[in-house]
Amino acid sequence: ETAVFQTPNYHVTQVGNEVSFNCKQTLGHDTMYWYKQDSKKLLKIMFSYNNKQLIVNETVPRRFSPQSSDKAHLNLRIKSVEPEDSAVYLCASSLTGKVFGPGTRLTVL
Amino acid sequence: GDKVKQSPSALSLQEGTNSALRCNFSIAATTVQWFLQNPRGSLINLFYLVPGTKENGRLKSAFDSKESYSTLHIRDAQLEDSGTYFCAAVNTNTGKLTFGDGTVLTVKP
């Protein structure tokens, strides 16, 4: 099956903890992305990455960092979570149009 | 910044009726995508458009790059069409993809 896969589906944690979300695409795309969808369902790009270039949205706090081992994987690490990080994190990949994964819902207590 | 305005913000339809969603851009856009986010949260690709029209089953979408807008027509609405519809446009000059705020569609029996 060719698609974008994300794990975990849900994660609940406490303020100050570190979390890591995984994303893998089997579409053979060169570029991957992380988006944050807040409680109002607004979608904001956080990172875009291909094997040559990382583009960071300047509004993303430094505690967020993407991690890639190869072009099929782009994980997201949050070093010390804050309550405002509670959201759905969506991974995507693209060749032409974007294909999204199912998302990881993060709740920070 | 780049703005993508969707209208209406919410819509309620009787099963079997037709309607249209609209997306206006503040930018010169090169491509447009339409997505449906279902109640489980998955973002499903509906259309990827260059200027012109596409049709898929009961859905039809048009993208007018000169007038900077796109439309999504839903014919014979079904209960499973319920969800949030997002459009997203790629800025011709920067390549940046910007999402609209979504249209929440509820189809009632």
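You'll find the structure just up there.
Parameters and conventions
- Residues numbered from 1 in each chain as written.
- Chains lettered and ligands numbered in written order.
- Predicted model: local features only at pLDDT ≥ 70, side-chain atom pairs only at ≥ 80, totals over all residues.
- Heavy atoms only, no water.
- 1 Å grid on protein atoms, 1.4 Å probe; cavity = no way out; pocket = protein on both sides within 12 Å on 5 of 7 lines; lining within 4 Å.
- Points joined across faces, edges and corners; volume = space filled by probe spheres on them.
- Helix = DSSP H or I, 4+ residues; strand = E, 2+ residues; numbered from the N terminus.
- Nonpolar A, V, L, I, M, F, W, Y, C, P; charged D, E, K, R; others polar.
- Pairing = 2+ DSSP bridges.
- Axes fitted to C-alpha atoms, helices over the stretch in contact; angles between N-to-C directions.
- Disulfide = S-S within 2.5 Å.
- Contact = heavy atoms within 4.5 Å.
- Buried area = accessible area lost by both parts, 1.4 Å probe.
- Salt bridge = Lys/Arg side-chain N within 4 Å of Asp/Glu carboxyl O.
- Polar contact = N/O pair within 3.5 Å; in protein donor to acceptor, adjacent residues only side chain to side chain.
- Buried < 20%, exposed > 50% of the residue type's maximum accessible area, 1.4 Å probe, protein only.
- Phe/Tyr/Trp six-rings, centres within 6.5 Å; stacked < 30°, edge-to-face > 60°.
- Lys NZ or Arg CZ within 6 Å of the ring centre and 35° of its normal.

Undergrad: Help me understand the layout of surface pockets in this model?
TA: One way to see where empty space is left: roll a probe the size of a water molecule over the atoms. Empty space within the largest pocket amounts to approximately 1,000 Å³. If you trace the largest pocket, you find 44 residues lining it, with Tyr35(A), Ile45(A), Lys96(B), Leu97(B) and Thr98(B) closest to the centre. Broken down by element, the lining of the largest pocket gets its largest block of residues, seven residues, from strand 5 (residues 43–49) of chain A. Lining the second largest pocket we find 21 residues, and of these Val88(A), Pro102(A), Arg105(A), Arg40(B) and Gly41(B) sit closest to its centre. Listing elements by their share of the lining of the second largest pocket, those giving two or more residues are strand 9 (87–94) and strand 11 (104–108) of chain A. In terms of residue count, strand 11 of chain A provides more of the lining of the second largest pocket than any other element does, four residues in total. Looking at the lining of the second largest pocket residue by residue, the class counts come to six nonpolar, eleven polar and four charged.

Undergrad: Please clarify how the sheet that holds strand 3 (residues 19–25) of chain A should be interpreted in this entry.
TA: Hydrogen bonds along the backbone pair up the strands of a sheet, which may run parallel or antiparallel. All names here are of chain A. Spatially, four strands are ordered 1-3-8-7 in an open sheet, and the strand pairing comes out antiparallel. Here the strands that pair on one side only, and so sit at the sheet edges, are strand 1 (4–7) and strand 7 (64–67). On average, each strand axis in the sheet is tilted by 20° relative to the strand beside it, whichever way the strands run. Relative to strand 8 (residues 75–78), strand 3 runs antiparallel, the two being bridged by three bridges. Bridge assignment links Val19 to a residue of strand 8, and that residue is Ile78.

Undergrad: What is the right way to read the state of the cysteines from this model?
TA: Between two cysteines, a covalent bond joining their sulfur atoms is known as a disulfide. Residue and element names in this part refer to chain A. As enumerated under the stated definition, the model contains two disulfides over all chains in all. Across a sulfur-sulfur distance of 1.8 Å, Cys23 and Cys91 are joined as a disulfide pair. Residues Cys23 and Cys91 are joined through a disulfide that is left-handed, its torsion about the S-S bond being -80°. In this pair, Cys23 is assigned in strand 3 and Cys91 in strand 9, connecting sequence segments 68 residues apart.

Undergrad: Any chance you could explain the interface of chain B and chain A here in plain terms?
TA: Reports of interface size often rely on the accessible area that becomes lost once the parts have come together. With 13 residues of chain B at the contact, the number on the chain A side is twelve residues. Summing both sides of the interface, chain B and chain A together bury roughly 1,100 Å²; the carbon and sulfur share of this comes to 57%. In this assembly, chain B and chain A are joined by zero salt bridges. Where chain B meets chain A, there are four residue pairs in polar contact (both at pLDDT 80 or more). Elements that contribute at least two residues to the side of chain B that touches chain A include exactly strand 4 (29–37), strand 5 (43–49), strand 9 (83–91) and strand 10 (97–99) of chain B. Among the residues making up the side of chain B that touches chain A, the classes are represented as six nonpolar, six polar and one charged.

Undergrad: Hey, could you run me through empty space enclosed by the protein in this one?
TA: Residue and element names in this part refer to chain A. Inspection of the entire model under this criterion finds one cavity of 30 Å³ or more. Each pocket or cavity is described by its volume, and for the largest cavity that value is around 40 Å³. Asp30, Met32, Tyr49, Asn50, Asn51, Ser68, Asp70, Lys71, His73 and Leu74 together form the lining of the largest cavity. Here the residues of the lining of the largest cavity sort into three nonpolar, four polar and three charged.

Undergrad: Looking at this model, I keep getting lost on the side chain of Asn38(B). Mind explaining?
TA: Residues and elements named next belong to chain B. Mapped onto the secondary structure, Asn38 falls in the loop between strand 4 and strand 5. Given a relative accessible area of 15%, Asn38 falls into the buried group. A polar contact is formed between the side chain of Asn38 and the backbone nitrogen of Ser42, at a distance of 3.1 Å.

Undergrad: Is there a simple way to explain the packing of aromatic side chains in this structure?
TA: How two aromatic rings sit relative to each other is given by the distance of their centres and the angle of their planes. Counting across every chain of the model gives ten aromatic pairs over all chains. With 5.4 Å between their ring centres and 80° between their planes, Tyr35(A) and Phe99(B) make a pair best called edge-to-face. Here the residue Tyr35(A) occupies a position in strand 4 (residues 31–37), and Phe99(B) occupies one in strand 10, the pair thus bridging two chains. By relative accessible area, which is 8% here, Phe99(B) ends up buried. Among the aromatic side chains, those forming a connected cluster through ring pairs are Tyr33(A), Tyr35(A), Phe100(A), Phe35(B), Phe86(B) and Phe99(B). In this structure, Lys98(A) packs its charged tip against the face of Tyr33(A), placed 4.0 Å from the ring centre. For Arg22(B), the ring lying beneath its charged end belongs to Tyr69(B), and the centroid distance is 3.9 Å.

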